[in-house]
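# Residue-level structural notes
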Amino acid sequence: QVQLVESGGGLVQAGGSLRLSCAASGRTLSSYAMGWFRQAPGKEREFVAAISWSGGNTYYADSVKGRFTFARDNAKNTVYLQMNSLKPEDTAVYYCAASKRYTRSGDEYDYWGQGTQVTVSS
């Protein structure tokens, strides 16, 4: 089992930045691909970004390309999502997740964090 705990969410004005962290316990993350997902009020969960086991490959949803950066530190068992130029439409609960596969599909992720709220004011 892997327990994932997100942190770093909060309230920020449009154009601002936040860095989300996701710390794992139970097992190391070195053999897992990781993903970030978000769920806004009234909307279904959507893919944000994915990173491979080594961190050498990343993929971003079109809505966040050029603004968000996904990084991982396997030694610290932690992944990060740097969010810049935030927009009101980025407002959502953000979740990190772990998968044995490098994938954009939430259905293929095995472990999920509890989520952290990001609110972007206009």
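It should be noted that the structure appears before, not after, this text.
These lines cover the structure that appears in this document, whether it is placed above or below. Keep in mind it's a predicted model, so treat the numbers as computed, not measured. Counting restarts for each chain, with residues numbered from 1 along the sequence as it is written. At least 70 in pLDDT is required for a residue's local features to be given in this predicted model, at least 80 for side-chain atom pairs to be given and counted, and no such filter applies to totals for whole chains, interfaces and linings, which use all residues. Calculated side-chain values reflect all of the structure's heavy atoms, with hydrogen atoms and water omitted.

Further remarks concern unusual backbone geometry. The residue Asn-77 is not glycine, and still its phi comes out positive at about 55 degrees. When you line up the elements, Asn-77 lands in the loop between β7 (68-73) and β8 (78-83). The buried category is assigned to Asn-77, whose relative accessible area is 11%. Non-glycine residue Ser-85 carries a positive phi angle of around 50 degrees. Helical segments are the DSSP runs of H or I of at least four residues, strand segments are the runs of E of at least two, and each set is numbered from the N terminus. Considering the arrangement of structural elements, one finds Ser-85 in the loop between β8 and β9 (92-99). Burial classes follow relative accessibility: with a 1.4 Å probe on protein chains only, a residue under 20% of its type's maximum area counts as buried, one over 50% as exposed, and anything between as partly exposed.

Okay, the packing of aromatic side chains next. Whether two aromatic rings pair depends on their centres lying within 6.5 Å, for rings of Phe, Tyr and Trp, where Trp uses its six-membered ring; planes under 30 degrees apart make the pair stacked, over 60 edge-to-face, and the rest tilted. Overall, the coordinates contain 7 aromatic pairs when judged by the stated rule. When the centroid spacing of 5.7 Å and the interplanar angle of 75 degrees are considered together, the rings of Phe-37 and Phe-47 count as edge-to-face. Within this pair, whereas Phe-37 is found in strand β4 (residues 33-39), its partner Phe-47 is found in strand β5 (residues 46-51), the two being separated by 10 residues in sequence. Three or more aromatic residues link up through ring pairs in this structure, and these residues are Phe-37, Phe-47, Tyr-59, Tyr-109 and Trp-112. Positioned above the aromatic ring of Tyr-32 is the side chain of Lys-100, whose terminal nitrogen or guanidinium carbon lies 4.3 Å from the ring centre. Of note, Arg-104 hangs over the ring of Tyr-59, and the distance from its end group to the ring centre comes to 4.8 Å. Look at NZ for Lys and CZ for Arg. If either is within 6 Å of the ring centre and within 35 degrees of the ring normal, a charge sits over the ring.

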